[in-house]
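Here is what each chain is made of, one letter per residue.
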Amino acid sequence: MANPDRLLICASWARASQCVGELEALLGIVQPTLSQHLAVLRDQQVVSTRRDGMDIYYSLSSPQALALMETLHAQFCPGPLTPPHPPPGQADTHTPP
């Protein structure tokens, strides 16, 4: 996670799992570079994947990485850490304050 792009990728997973297209649009990282970063994160066992139709969704699999992202968010990002939308196949249970 020493790479700034990998840190941004992991930070986005603290909110919700995402497919490559969502990560590319959200972070502005082109697909070939994004794939290289995802391979590094898979090799380090930081990320897990699940398939939904044609899409592969990535999320943090390491409890330590998730705790780190939550701590960084609490220190440097405004607002609560809530998913922007439910993962595919799940109902939205978030109720705004």
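Parameters at a glance
- Residues numbered from 1 in each chain as written.
- Predicted model: local features only at pLDDT ≥ 70, side-chain atom pairs only at ≥ 80, totals over all residues.
- Heavy atoms only, no water.
- pLDDT = per-residue confidence, 0-100.
- Contact = heavy atoms within 4.5 Å.
- Helix = DSSP H or I, 4+ residues; strand = E, 2+ residues; numbered from the N terminus.
- Pairing = 2+ DSSP bridges.
- Core = buried A, V, L, I, M, F, W, Y, C linked by side-chain atoms within 4.5 Å.
- Buried < 20%, exposed > 50% of the residue type's maximum accessible area, 1.4 Å probe, protein only.
- Phe/Tyr/Trp six-rings, centres within 6.5 Å; stacked < 30°, edge-to-face > 60°.

**Considerations on the confidence of the model for the protein chain**
Now for step 1: With 78% of its residues at a pLDDT of 70 or more, the protein chain shows a mean pLDDT of 80.
Now for step 2: Low pLDDT, under 50, characterises residues 90–97; the predicted model gives this stretch three contacts beyond four residues in sequence or across chains.

**So, the environment of S12**
Now for step 1: With respect to the element layout, S12 can be found in helix α1 (residues 4–13).
Now for step 2: C-alpha of S12 to C-alpha of S59: the two residues are 47 residues apart in sequence and 8.9 Å apart in space.
Now for step 3: Once residues within four sequence positions are removed from consideration, S12 is found in contact with Q18, L23 and L26.

**So, unusual backbone geometry**
Now for step 1: The backbone of Q45 shows a phi angle near 60°, a positive value even though the residue is not glycine.
Now for step 2: With respect to the helices, strands and loops of the structure, Q45 is situated in the loop between α3 (31–43) and β2 (47–52).

**Side note on the pairing of strand β3 (residues 55–60)**
Now for step 1: As paired strands, strand β1 (residues 18–19) and β3 are joined by two bridges and run antiparallel to one another. Bridge pairing in β3 links C19 to Y57.
Now for step 2: Where β2 and β3 come together, six bridges link them in antiparallel fashion. Looking across to β3, one finds that S48 is bridged to S59.

**What about the nonpolar core?**
Now for step 1: Ranked by internal contacts, the top residues of the largest apolar core, which has 16 residues, are I9, C10, W13, L34, L38, L41 and L60.
Now for step 2: Aside from chain neighbours lying at most four places away, what touches W13 is Q18, L23, L38, L41, V47, Y58, S59 and L60.

**Section: the packing of aromatic side chains**
Now for step 1: Under the counting rule described, the total for this entry stands at one aromatic pair.
Now for step 2: Between W13 and Y58 the ring centres are 6.2 Å apart and the planes differ by 15°, which places this aromatic pair in the stacked class. Remark: Y58 occurs in strand β3 and W13 occurs in helix α1; sequence separation between them is 45 residues. The pair W13 / Y58 is uniform in exposure class, with both members buried.

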